[in-house]
Amino acid sequence: MLWPHKTPGIPDHLFECFPGIPLSKREVRLLLISALRFNANSILWDIGAGTGTIPVEIGLLCPESTIIAVERDEDVVKLIRNNCDRFGVKNVTIFESSAPECFDQLQPLPDRICIEGGRPIKNIVTEAWQFLKPEGRLIATASSLETLYLIAEGLASLQARNIEVVQSGVNRLETRGLHQVFAAVDPSFILSGEKF
């Protein structure tokens with residue numbers, strides 16, 4: 001078994017990845033998973049699933065859950081499928097389509113939504129919210145100030161409750177030549193809100 005542990009935090013190098021396709025770094029994934037506040041049988045829509053790290057991590061943690069990974073690019077869909085197969089994750093359905101146009105085709109309805117990308121991001125947030133079950137949680141990531149603003153504006157206009165914003169600041173020890181130095185992982189904002 002590639003990851004025999006019962007905790008999240010799979011090392012990045014264990015995932016298959018393509019150049020240019022985003023991979024949520026391990027430490028950021030831990031924050032994302034924590035922000036989702038997952039239940040054993042939650043239903044997650046992962047919008048802009050990229051490499052598939054979140055579906056894999058949650059699929060392993062909560063094998064009774066239902067995970068729908070949405071990705072628009074055929075090659076990236078294959079990448080997500082490969083990573084699910086690598087880790088033996090069986091509870092992920094991959095939907096090849098663009099958000100938000102595909103939302104009315106996704107079933108079952110979610111009590112958790114993770115938005116890891118897409119344009120126009122504010123529109124994706126507001127459209128996804130309409131499908132989120134009452135008492136559900138929506139989280140979204142931003143790597144730029146503009147995206148942070150648009151997501152925050154979207155959550156505020158939806159009157160989301162208990163809005164939280166966390167910025168990751170992670171440094172990893174790396175060997176460069178003869179020296180070990182701390183290298184920064186690109187910072188990321190994680191926004192979350194609840195629907196009542």
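Everything numeric in this text was worked out from a predicted model, so none of it was measured. (Residues numbered from 1 in each chain as written. Predicted model: local features only at pLDDT ≥ 70, side-chain atom pairs only at ≥ 80, totals over all residues. Heavy atoms only, no water.)

**Here's the deal with the packing of aromatic side chains**
The line we're drawing: Put simply, two rings from Phe, Tyr or Trp (the six-membered ring, in Trp's case) pair if the centres are within 6.5 Å, and we call them stacked under 30 degrees between planes, edge-to-face over 60, tilted for the rest. The numbering of helices and of strands both runs from the N terminus, where a helix is a DSSP run of H or I of at least 4 residues and a strand a run of E of at least 2. Categorising residues by exposure relies on relative accessible area from a 1.4 Å probe, with only protein chains included: less than 20% of the type maximum marks a residue as buried, more than 50% marks it as exposed, and the intermediate range marks it as partly exposed.
The full count for this structure, using the stated rule, is four aromatic pairs. Consider the rings of Phe 15 and Phe 87, whose centres lie 5.0 Å apart with planes at 40°: the pair is tilted. Linking Phe 15 in the segment before α1 (26-36) with Phe 87 in helix α3 (residues 74-87), this pair joins segments that are 72 residues apart in sequence. Each ring, one from Trp 45 and one from Phe 131, has its centre 5.7 Å from the other, and the planes form 40°; the classification is tilted. In this pair, Trp 45 sits in strand β1 (residues 43-47) while Phe 131 sits in helix α4 (residues 121-131), placing the two residues 86 residues apart along the sequence. Judged by its relative accessible area of 0%, Trp 45 is buried. A connected cluster of aromatic rings, assembled from ring pairs, spans Trp 45, Phe 103 and Phe 131.

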